[in-house]
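Structure assessment
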Amino acid sequence: MDGQEERLFGGEESAAYRIGDHVVRIGPTWRGSAEIEWCHAVARHAAATLPEAVTPVPTPDGATVIRVEGRPVSLWPYIEGAWPDAEVPAQREQAARLLARLHRALADARPGPRPVPSFAEHGLYGPSDVPGPADGLPDPALDRWLAEFHRTHTRRHPLHGDYYAGNTLIHDGVITAVLDWDETFVGAPELELASAALEWGEDDFPAGGKEFISCYLEAGGTAEELDEESFAQLLRHRLRREYAYFTKVAAEGVVHDEEDLEYHRARVELFHRLRP
């Protein structure tokens with residue numbers, strides 16, 4: 001690889017450097033190689049029919065991650081572009097239609113069990129799966145609702161796991177890339193639809209989120225239509241996991257600035273406000 005090294009903006013747990021036409025991504029020591037390879041295999045399955053799915057460059061023996069001083073390192077093609085603006089309706093609509101195509105691309109994937117459960121999976125199927133007091137936001141009614149939802153909604157396939165503007169790129173007005181597959185897991189597509197609707201419609205919530213859902217359904221995504229309660233409760237699961245992650249990294253020594261704290265307070269307030 002030729003070219004000047006350039007640190008790329010973004011990434012909460014990983015660091016990425018552009019070198020010529022490639023990006024070297026360095027992950028945290030705690031993320032295992034088997035977990036990463038599983039996620040990369042899901043990305044490759046999506047890329048077979050979804051050109052926007054960006055996949056890593058394999059080594060000569062077919063692996064997509066190596067360990068360097070204990071850290072997972074992977075090599076990716078560099079994709080020109082910037083983050084989309086979720087406040088622009090046309091870009092939000094594009095993102096919704098792309099998510100529908102992404103779900104269709106993954107609908108027939110059968111990757112087997114994820115080597116390590118993703119953070120979003122904890123508590124997803126009811127109270128028996130919730131560690132401790134729901135990580136600080138206990139809600140037995142939500143636990144029971146999630147268990148019943150998954151009993152009656154049995155469709156499961158791999159999901160991107162973190163579908164928001166910061167994990168996509170837009171170039172010349174077109175979203176051309178879906179990046180960062182580390183949070184991929186197998187679940188009900190309605191869960192990702194609800195989460196993405198919040199991420200892409202947050203500045204005009206709930207109207208923007210409902211617009212996102214309508215565009216997704218019109219584009220033929222695999223998720224079923226969400227009623228008001230399902231939208232709210234699936235979002236509350238997502239918000240509860242965000243709370244757990246925030247408290248986890250804070251306990252590990254991460255210092256949050258005032259903007260981070262304000263965002264965290266707003267998300268906790270939304271968790272309570274959405275309670276049916």
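Before reading on, note that the structure itself is shown above.
In what follows, the accompanying structure is described. Per chain, the residues get numbers from 1 upward, laid out in the order the sequence is written. Local features in this predicted model are restricted to residues of pLDDT 70 or higher, and side-chain atom pairs are both shown and tallied only at a pLDDT of 80 or more, whereas totals for entire chains, interfaces and linings draw on every residue. The basis for every side-chain value is the complete set of non-hydrogen atoms in the structure, without hydrogens or water.

Focus: a negative patch on the surface
Patches in this entry comprise residues that are over 30% relatively accessible and not in a salt bridge; like charges within 9 Å are linked, as are nonpolar side chains (Val, Leu, Ile, Met, Phe, Trp, Tyr) within 5 Å. Note on areas: Shrake-Rupley with a 1.4 Å probe; residue coverage comes only from the protein chains shown. The term salt bridge refers to a pairing of a side-chain nitrogen on Lys or Arg with a carboxyl oxygen on Asp or Glu at a separation within 4 Å. Charge counting treats Lys and Arg as positive and Asp and Glu as negative, with His and both chain ends excluded. Charge placement uses NZ in Lys and CZ in Arg. For Asp and Glu, CG and CD serve respectively. Negative charge collects at one region of the surface, where Asp85, Glu87, Asp203 and Asp204 lie side by side. Note on placement: Asp204 falls in the loop between α4 (189–201) and α5 (207–218). For every residue, the accessible area obtained with a 1.4 Å probe (protein chains only) is divided by the maximum for its type, and the residue is called buried under 20%, exposed over 50%, and partly exposed between those limits. With a relative accessible area of 39%, Asp204 lands in the partly exposed category. Put simply, DSSP H or I for four residues or longer makes a helix, DSSP E for two residues or longer makes a strand, and each gets a number counted from the N terminus.

Let's talk about helix α1 (residues 33–47)
A helix is expected to span 1.5 Å multiplied by its residue count minus one. Across its 15 residues, α1 extends 21 Å between first and last C-alpha, which sits within 8% of the 21 Å expected from 1.5 Å per residue. The elements touched by buried residues of α1 are β5 (71–77), α2 (89–106), β6 (157–159) and β9 (185–187). Whether two residues are in contact is decided by their heavy atoms, any of which lying within 4.5 Å being enough.

Description of the nonpolar core
As used in this record, nonpolar core signifies buried Ala, Val, Leu, Ile, Met, Phe, Trp, Tyr and Cys residues forming a set joined through side-chain atoms within 4.5 Å. Of all hydrophobic cores here, the largest spans 53 residues; its most connected members are Leu102, Tyr163, Trp181, Trp200, Phe212 and Leu234. Those elements giving two or more residues to this core turn out to be α1, α2, α3 (140–152), β8 (174–178), α4, α5, α6 (228–251) and α7 (258–273). Residue contributions to this core peak at 8 residues, all from α2. Beyond its immediate sequence surroundings of up to four residues, Tyr163 is in contact with Ala95, Leu98, Leu99, Leu102, Thr168, Val178, Glu192, Ala196, Glu199, Trp200 and Phe212.

Observations regarding the pattern of salt bridges
Considering all chains together, one arrives at 24 salt bridges under this definition. For Glu52, the salt bridge goes to Arg101, with nearest N and O atoms at 2.6 Å. Separated by 49 residues along the polypeptide, Glu52 in the loop between α1 and β4 (66–68) and Arg101 in helix α2 bring together distant segments of the chain. By relative accessible area, which is 11% here, Glu52 ends up buried. The exposure class assigned to Arg101 is partly exposed, which follows from its relative accessible area of 30%. Among the salt bridges present, the one from Arg238 reaches Glu242, with a minimum N-O distance of 3.0 Å. Note that Arg238 and Glu242 are positioned in helix α6 at a spacing of 4 residues, about one turn of the helix. Grouping residues by exposure puts Arg238 and Glu242 together as buried.

Details of α6
Three- or four-residue spacings in an α-helix give side chains the same orientation, since the helix completes a turn every 3.6 residues. Compared with the 34 Å implied by 1.5 Å per residue over 24 residues, the 35 Å span of α6 between its first and last C-alpha is a close match. One side-chain oxygen at the N-terminal end of α6 lies 3.3 Å from the backbone nitrogen of Glu229; it belongs to Asp227. Backbone geometry just downstream of α6 places Gly253 in the positive-phi region, at approximately 110°. As used in this structure description, the phrase polar contact means that two N or O atoms lie within 3.5 Å; if the pair is within protein, one of them must be able to donate a hydrogen and the other to accept it, and residues adjacent in sequence are counted only when both atoms belong to side chains.

Remarks on the packing of α2 against α4
Where α2 meets α4, the closest approach of the two axes is 11 Å, and the angle between their N-to-C directions is 165°. One element, α2, and the other, α4, form an angle in the roughly antiparallel class. The interaxial crossing formed by α2 with α4 has right-handed handedness. Taken together, the residues of α4 that come into contact with α2 (itself represented by Gln91, Arg92, Ala95, Leu99 and His103) are Pro189, Glu192, Leu193, Ala196, Trp200 and Gly201. Taken together, the residues that form the contact of α2 with α4 break down as 6 nonpolar, 3 polar and 2 charged. What counts as an axis is a line fitted to C-alpha atoms, over the stretch in contact for a helix, and the angles between N-to-C directions run from 0 to 180 degrees. Roughly parallel means an angle under 35 degrees; roughly antiparallel means over 145; roughly perpendicular covers 65 to 115; every other angle is labelled oblique. Crossings are assigned a handedness: left-handed for a near helix turned anticlockwise from the far helix by less than a right angle, right-handed for a clockwise turn. We call Asp, Glu, Lys and Arg charged. Ala, Val, Leu, Ile, Met, Phe, Trp, Tyr, Cys and Pro are nonpolar, and the rest, Gly among them, are polar.

Remarks on the environment of His22
By the element assignment, His22 lies in strand β3 (residues 22–26). In sequence terms His22 and Leu234 are 212 residues apart; their C-alpha atoms lie 37 Å from each other.

What about empty space enclosed by the protein?
Buriedness for pockets is judged along seven lines, at least five of which must meet protein on both sides within 12 Å for an open set on the 1 Å grid over protein atoms alone, while cavities are sets there where a 1.4 Å probe fits but cannot get out, and lining residues have an atom within 4 Å of a point. Grid points are joined across faces, edges and corners, and a volume is the space filled by probe spheres set on the points. For the structure shown, the criterion picks out 1 cavity of 30 Å³ or more. Arg25, Gly27, Ile36, Pro72 and Ser74 are the residues nearest the centre of the largest cavity, which is lined by 14 residues in total. Elements that contribute at least two residues to the lining of the largest cavity include exactly β3, α1 and β5. For the lining of the largest cavity, the element with the highest residue contribution is β5, accounting for 4 residues. Per-class residue counts for the lining of the largest cavity are 7 nonpolar, 4 polar and 3 charged.

Focus on unusual backbone geometry
Between Phe205 and the following residue, Pro206, the backbone shows a cis peptide bond with an omega angle of 5°. Mapped onto the fold, Pro206 is located in the loop between α4 and α5. We note that Glu69 has phi near 50°; this positive angle belongs to a residue other than glycine. Glu69 sits in the exposed class, given a relative accessible area of 81%. Positive phi is not limited to glycine here, since Asp180 has a value of about 55°. Mapped onto the elements, Asp180 comes out in the loop between β8 and β9.

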